[in-house]
Amino acid sequence: MASSTIAISRSAVFKAATDCKPRSRSSSFETIREFWIQKGGIPLDTGGNTILHFLAMYGNAFVIENLIDDDGGNNNNSSSGRVKCEDLYKRNDKGNTPLHEAARFGRKKVVEILLGKQESLVRELNRLGEMPIYAAAACGHEDVFDHLIAKVLDCDQEMTRSADNSNVLHAAVTGEHYGLAMSILESFPHLAQNSDEKGRTALYLLAQKSKSFRSGSFYYSHNYMSGSIILSVHFLAVLTYWLIPSMVYQSKRIDSSELKGSIVTGLVLCLAFFYNLY
């Protein structure tokens, strides 16, 4: 074990926290534990993130489990350097606990470890009034969401962000995580009727995302006929490129007259196409 008289730099701790390779986990744990003994849960960056936040973000389950298991989260002797219960509730500048960050990045193993130590973390709010389950839904992590939903009690309250009254269904639709949104809708159909502070339901938000539908996609054939100058120019470029013979871009020596001829041909065909269209 490293000597406590040797100062551990923050950069070394950050490197250890982000290194999740099996061959490095023992040395990473020793580095982080030694720093914790010296400095405790001080912020490592300007965002107010502690070691625990970074371990949660990067999914370093081995280190975070051993670090908090060092005392089971109940030792009140600060000189021991061991993680205490209150350390698990420390927040960064966004008000996120380590559990929020684990949920946001989809680190299911870390979520399980943290809840195994302090299940009440599931009800903690960040500055936007989001519980960890909302962060999981917003980022589309269905496995983490499913694990967290089993821990909540008052679903309507815990699945709603207090800042704007949007719920996890709003969050999943906004993030275009439609598989998760369907799963949420099947389990909690009443959320479809709930509106945010602006009166918007999840269905309303979905309707605003026209590109999520085939008919709203740029690649839907009807949209080439829509008369949009932007679509027309794009179509012109695609068709011109398509008409360039393969021998032109496969050869190192390009015949400029042949290239110009191909482009002119493409332009003529496109102009004829749009003339007939309009």
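Everything below is about the structure printed above this text.
The following paragraphs examine the structure supplied in this document. (Residues numbered from 1 in each chain as written. Predicted model: local features only at pLDDT ≥ 70, side-chain atom pairs only at ≥ 80, totals over all residues. Heavy atoms only, no water.)

With that settled, the discussion passes to the packing of helix H1 (residues 10-18) against helix H2 (residues 25-39). Interhelical geometry of H1 versus H2 gives an angle of 140° and a closest axis separation of 9 Å. As summarised for this structure, H1 and H2 are arranged oblique, according to the angle between their axes. The interaxial crossing formed by H1 with H2 has left-handed handedness. Contacts between H1 and H2 involve Arg10, Ala12, Val13, Ala16 and Ala17 from the former and Ser28, Thr31, Ile32 and Phe35 from the latter. (Axes fitted to C-alpha atoms, helices over the stretch in contact; angles between N-to-C directions. Helix = DSSP H or I, 4+ residues; strand = E, 2+ residues; numbered from the N terminus. Parallel < 35°, antiparallel > 145°, perpendicular 65-115°, else oblique. Left-handed = near helix turned anticlockwise from the far one by under 90°. Contact = heavy atoms within 4.5 Å.)

Locating Asn96 in the fold gives a position in the loop between helix H4 (61-69) and helix H5 (98-104). Apart from residues lying up to four places away in sequence, Asn96 is in contact with His53, Lys90, Arg91, Glu101, Arg104 and Asn126.

By size, the foremost hydrophobic cluster in this structure holds 55 residues, and its most contacted members are Ile32, Leu52, Leu55, Phe145, Leu148 and Ile184. Residues contacting Leu148, with those up to four places away along its chain left out, are Ala103, Val111, Leu115, Val122, Pro132, Ile133 and Ala136. (Core = buried A, V, L, I, M, F, W, Y, C linked by side-chain atoms within 4.5 Å. Buried < 20%, exposed > 50% of the residue type's maximum accessible area, 1.4 Å probe, protein only.)

So, on to the pattern of salt bridges. Applying the stated criterion across every chain yields a total of 11 salt bridges. Across the pair Lys117 and Asp69 runs a salt bridge whose closest N-O atoms are separated by 2.4 Å. Taken together, the positions of Lys117 in helix H6 (residues 108-117) and Asp69 in helix H4 put the pair 48 residues apart, joining distant regions of the chain. What makes Lys117 partly exposed here is its relative accessible area of 30%. Of the residues examined, Asp69 reaches a relative accessible area of 39% and is grouped as partly exposed. A salt bridge links Arg161 to Glu130; the nearest nitrogen and oxygen atoms lie 2.7 Å apart. Residue Arg161 is located in the loop between helix H9 (155-158) and helix H10 (168-174), and its partner Glu130 is located in the loop between H6 and helix H7 (132-138); the two are separated by 31 residues in the primary sequence. Judged on exposure class, the residue Arg161 and its partner Glu130 are both buried. Several salt bridges converge on common partners, so that one network encompasses Glu130, Arg161 and Asp164. (Salt bridge = Lys/Arg side-chain N within 4 Å of Asp/Glu carboxyl O.)

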